[in-house]
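Close look at the chain arrangement
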Amino acid sequence: MNSHTLLEKYFGYRDFRPGQKPIIDAVMGGRDVFALMQTGGGKSLCFQIPALSKNGICLVICPLISLMYDQVRVLKRKNISAAYLNSQQDYKERSSIEQDAINGKLKFLYVAPERLLNDKFLDILKQMTISMIVYDEAHVITEWGEAFRPGYIMGLNKIKELEDFFKRKHIDPQYRIQKIALSASIIAEARKDIIEKTNLFRPAIFINSFSRNNIELNVSHYQKNKLSKIDILTSDIKAHPKTTSIVYANTRKECEVIAGKLAVRNIKATHYHAGIPPAARKSKMDLFMTGKVDVIVCTSAFGMGIDKKNVRQVYHWNLPSTIEDMYQEMGRAGRDGLKSRHMVFYDRHDIETSRERLLNNYPTAEAVNKMHQFLSIYVNRIKDNIIEEDKNFLADIVGEPVRKECISSIFDHLQRIGFLSEYRQPINPNSKQKKNRIFEVNIEKSHDIQLDSVSKRYKAAVLKFEKLTDYFEGDGCRNHKLLSYLGEPQLENVPISCSHCDKCLGKGESEQTKPESSNDDSYRKNLIKKRIKGLVESFAKKNKIPANVILPPNILSKITSNAPKTKQELIDLGLNGKSVQTLGDIILEIINK
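Residues numbered from 1 in each chain as written. Predicted model: local features only at pLDDT ≥ 70, side-chain atom pairs only at ≥ 80, totals over all residues. Heavy atoms only, no water.

**Things to note about the environment of valine 60**
For valine 60, the position within the fold is in strand 2 (residues 57–61). Considered as a pair, valine 60 and isoleucine 180 are 120 residues apart in the sequence and their alpha carbons are 9.4 Å apart. (Helix = DSSP H or I, 4+ residues; strand = E, 2+ residues; numbered from the N terminus.)

**Here we look at the pattern of salt bridges**
Within the structure shown, the criterion is met by 25 salt bridges. Across the salt bridge formed by aspartate 32 and arginine 176, the nearest N and O atoms sit 2.9 Å from each other. With aspartate 32 in the loop between helix 2 (20–28) and strand 1 (33–36) and arginine 176 in the loop between helix 7 (150–169) and strand 6 (179–183), this residue pair connects regions lying 144 residues apart in the sequence. Arginine 355 serves as the salt-bridge partner of glutamate 589, at 3.5 Å between the closest nitrogen and oxygen. On the criterion of sequence distance, the pair formed by glutamate 589 in helix 24 (residues 577–592) and arginine 355 in helix 14 (residues 348–361) is long-range, its members being 234 residues apart. Taking relative accessible area as the criterion, glutamate 589 reaches 25% and is therefore assigned partly exposed. With a relative accessible area of 7%, arginine 355 lands in the buried category. (Salt bridge = Lys/Arg side-chain N within 4 Å of Asp/Glu carboxyl O. Buried < 20%, exposed > 50% of the residue type's maximum accessible area, 1.4 Å probe, protein only.)

**Things to note about helix 10 (residues 252–264)**
Taking 1.5 Å per residue, 13 residues should reach 18 Å; helix 10 reaches 19 Å between its end C-alpha atoms and fits that length. Those residues of helix 10 not exposed but buried are Cys255, Ile258, Ala259 and Leu262. Relative to the axis of helix 10, the buried residues are bounded by an arc of 100° and lie together on one face. Exposed residues on helix 10 whose side chains face more than 90 degrees from its buried face are Lys253 and Val264. Phi turns positive, to about 65°, at asparagine 266, one or two residues after helix 10. (Expected span 1.5 Å × (residues − 1). Arc of directions from axis to C-beta.)

Okay, here's the thing in structure tokens:
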């Protein structure tokens, strides 16, 4: 059957959406494919139609359980044999699905990338007839991605091992499995990286437009008082009655609290996240999909599995991690092409919190190298290869640029490359004290500590943070900033002023929060003061130290007025040595920028 026949038979459509047909033709022609399509553009059909025309099973590597569930549910409704494997299933259910896949009873099998690391599952794959492998949400493969999944990289090596097995089995050194990598948004710097890591063979490359002109882009400046934030959200939802909304929040607790506050304000809302038992989660999703509740408050990972065409509003309660994440998540709105809205709640304090998270999650190559050297010397001298992740001890003894807050990220990297191996300690259910992790240092092996990779991730994170900050604080059209960052293929045809962002529509900031001219010296000093104060407050809260002990108000005023350029100048102005050691670099960076 040709692609149009399959489209109408299984999916009930007569025509493809823009951009789908060339991709499908390339896949049906046997080409490896790298394709970027906007959220809601119909990426899944680009591999589902070709897979239905081929013998064997289509293996879909998908990092989101909610997305697996949704796509399998849709395929089954269309009488297409599909299943997924995940950690929530019991042994009997998994074994039955695996046997169906071996026996050719399935057309699609969805798995998480980390499942490829299971040798038993790899043996099962060797017994299947695989028509193609699809890397869905491929942006998590690259170090350029905020949602970087190292397990995806390690899983890719297992795919190479699988291909080598089939080459021997078929006595064909040229044998390869057809592969497709798909995502809604991958910046230009990361595309080549993903093509190389997925080992695509002379791929056909398709970069479709990222433009979503039916979605109005808004940024809502709120006061630190959280009550004003919930009031803004409530008012906005009530201003658009009888419509469907998604609210993204960072934590499960926030999802529950926000949904509860909306409910007492007479808004039909529910929460949705991984901590809810599967049956209850399914019930909540059914309520939302059938229109019995108007608002669902969810974490990002689970929100991405929602495929409801008539979502009219998407809200970000917290600042998104990156522009890519924001774009993917706001794309849940207006999938039917009708006018919809996106709103992010924003305060300058949020920017400082994000900056701190960036520095904690993305250590510099210098910090990783110094920790690696210290652990190597420590083990040789102590003659004991066991180390406790005691952050206070390590930060004090190793020193700058290793900070207490980034030690977990450094250890995670050293664990990924095999230099460290974590000991799993028995858990005492009666103990409320959180234990430090214990690691074995594998000093007997030589390791490439991959400082280039660490440096690339750090630089990528800084770039993403700067672009995200510019989206919220910079002048000019938000839509143009968004498309420029994503690498819009037709950017020269995109006007520098649009008709669907708050800046171009003249909404902008409220008078209370609208910044003064950025050329005004008093504005600059005030902004520096706010940012340093926000940094100190976040640090103080996290470490349970009074903010005025870290940075007394009179010293903050001196720093703001004098704009020091070195740590010594900070000390000369009265900032204590401990504060200079822990926060000096960040304070100087705030002043310089």
